[in-house]
Amino acid sequence: MSILPVPRTAIIVVAAGSGTRLEAGAPKAFVGIDARTILRHALDGVFAAEPMQVVVVAPAGYEGDAETELRAAAAERVDLGRVVTGGATRQESVAAGLAALWGDVTTVLVHDAARALTPPAVIDAVAAAVVGEAGAVPSLPVVDTLKRVEDGLVAGAVDRSELAAAQTPQGFPRTLLEAAYEIARADGAEYTDDAALFAAAGHPVRLVPGSERSFKITTPADLERARLLLAAAPAPSPSSISAAVTGAPRVGVGTDVHAFGGDGSLWLAGLEWPGEAALSGHSDGDAVAHAIVDALLGAAGLGDIGQHFGTAHPEYAGAHADVFLSRTAEMLAEAGFAIGNVSVQFQGNRPRFSGRRAEAEAALSAALGGAAVSVAATTTDGLGFPGRGEGIAVTAVALVIPRPERGLPAPAE
Ligand code: CTP
Ligand code: MG
């Protein structure tokens, strides 16, 4: 087993509230959005960020349930997490989390579990913005026109350019936040968020861009919004975020040509074709698989097949489609992309394809982790090298979808 460095950053995920405004009959953190609870979604986001200590603050009596959610979200990084019992107010719950920090931690983030869909990129941006004595808060510009009211009447305008809507996680230098909490406790002062408590102790707080997805689930309407967002994922956000970072699908094209004349039997579209002339190539010459790899890599902006599987990688000599495709699917997943579908067509006189179409599509789809793959074949009326029977030409088109939880935070306008 490798020894991993102890993170210097911790995140306290406060989940000890009762959720009175949600009126769901259970503590809010354990209410399901889809198949996963609010707490689970929040922790999924946390564990997709840079590794950090994770302290979950649970309602009294729900520590075991919180532990279960923590283990599921943490997977192999369960060593990073622990559960503590919360208090009667959010401030007391945060204080309970602070008491559970590891000695090595120098930066602490405080996060509402209720902001369940917060992108991991926001968490990382907040942690990175905690420098020197300054805290960091993600925020969005206020878009509504605001009025000052008195007795139900408009009493004046409020200049919204001076305002920002604060979200979580909020990040702070650990020792300064602990001292600020000590002052608030001694004074018996209650603050609406950690940034206010920290600022009251005289420290600066800087803003980083927040995200529309970081909204707090407070009312049944908020829960419905979260459900719609997850169901519609990865729909682009209507805000100012550019489509490129919010989940707009991306297409890629790949082509490949191989000549007949290889050794052994033909491998094409992930299948062996006994009795057919083999294609030549560095690997097995499966031009269908190679075109798919290029289409997928191109769609994700990850380069091309030569770069990842070419002659500089002798380990792929003689490899079949399943190896290339599963590795490609893995690379896309690591880069935050899901595969939508792949459509591929080859031009060639041989092999006679239609009888094994379903088998080929199933093999290619399985190698891509279940993504939809359709394969077509055509002849070229005797024209060109495919028509003369010298080789095969393939064109593939792939659609990939950025996973929404990897989206970057919205830029503040
Ligand atoms: N929280 C907490 N301990 C408390 C109160 C709140 O850990 N004693 C947490 C909540 O679990 C939530 C976050 O603080 O993740 C923000 O609080 P809020 O949205 O107000 O949640 P609840 O207090 O649970 O909801 P309500 O105010 O409607 O009862
Ligand atoms: Mg509350």
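Residues numbered from 1 in each chain as written. Chains lettered and ligands numbered in written order. Predicted model: local features only at pLDDT ≥ 70, side-chain atom pairs only at ≥ 80, totals over all residues. Heavy atoms only, no water.

Things to note about the overall build of the protein
Scanning the protein for helices and strands turns up 13 helices and 16 strands. For the protein, whose C-alpha radius of gyration is 27 Å, the value lies well above the compact-globule estimate of 22 Å for 413 residues. With the principal axes as the frame, the protein shows a C-alpha extent of 90 × 55 × 40 Å. For the protein, the proportion of its 413 residues judged to be buried stands at 46%. Accessible surface for the protein amounts to roughly 19000 Å². Of this, 54% is attributable to carbon and sulfur atoms. With 29 positive and 47 negative side-chain charges, the protein shows a separation of 3 Å between the mean positions of the two kinds. (Helix = DSSP H or I, 4+ residues; strand = E, 2+ residues; numbered from the N terminus. Rg over C-alpha atoms; globule rule 2.2 N^0.38 Å. Buried < 20%, exposed > 50% of the residue type's maximum accessible area, 1.4 Å probe, protein only. Areas by Shrake-Rupley, 256 points an atom, 1.4 Å probe, with all protein chains shown as cover. Lys, Arg positive; Asp, Glu negative; His and termini not counted. Charge placed at Lys NZ, Arg CZ, Asp CG, Glu CD.)

A few points about the pairing of strand β6 (residues 146-150)
Sheet topology note: the β6/strand β7 (residues 153-158) ladder contains five bridges and is antiparallel. If you follow K147 over to β7, its bridge partner there is A157. Following β6, the chain reverses through two residues before pairing antiparallel with β7; D151 in that reversal takes a positive phi of roughly 50 degrees. (Pairing = 2+ DSSP bridges.)

Here we look at the pattern of salt bridges
In total, this model carries 14 salt bridges according to the counting rule given. The salt bridge involving R71 is made with E67; its shortest N-O contact spans 3.6 Å. With a gap of four residues between them, R71 and E67 both fall in helix α2 (residues 63-74), about one helical turn apart. Exposure remark for E67: the relative accessible area of 27% places this residue in the partly exposed category. A salt bridge links E276 to R350; its shortest N-O distance comes to 2.6 Å. In this pair, E276 sits in the loop between β13 (271-273) and α9 (287-300) while R350 sits in the loop between β14 (337-347) and α12 (357-367), placing the two residues 74 residues apart along the sequence. Judged by its relative accessible area of 18%, E276 falls in the buried class. Here the salt bridges share partners, and the residues they tie into one network are R90, D112, R115 and D194. (Salt bridge = Lys/Arg side-chain N within 4 Å of Asp/Glu carboxyl O.)

Points about the domain arrangement of the protein
In terms of domain boundaries, the protein breaks down into domain 1 (9-218) and domain 2 (232-406). Placing the centre of domain 1 and that of domain 2 at their C-alpha centroids yields a distance of 44 Å. (Domains from an automatic or database assignment.)

Quick look at the packing of aromatic side chains
Per the stated rule, a full pass over the model turns up five aromatic pairs. Among the aromatic residues, those joined into a cluster by ring pairs are W273, F346 and F353. The lysine or arginine in question, R225, covers the ring of F215, its NZ or CZ lying 3.9 Å from the ring centre. Over the ring of W273 we find R356, and its NZ or CZ is 4.6 Å from the ring centre. (Phe/Tyr/Trp six-rings, centres within 6.5 Å; stacked < 30°, edge-to-face > 60°. Lys NZ or Arg CZ within 6 Å of the ring centre and 35° of its normal.)

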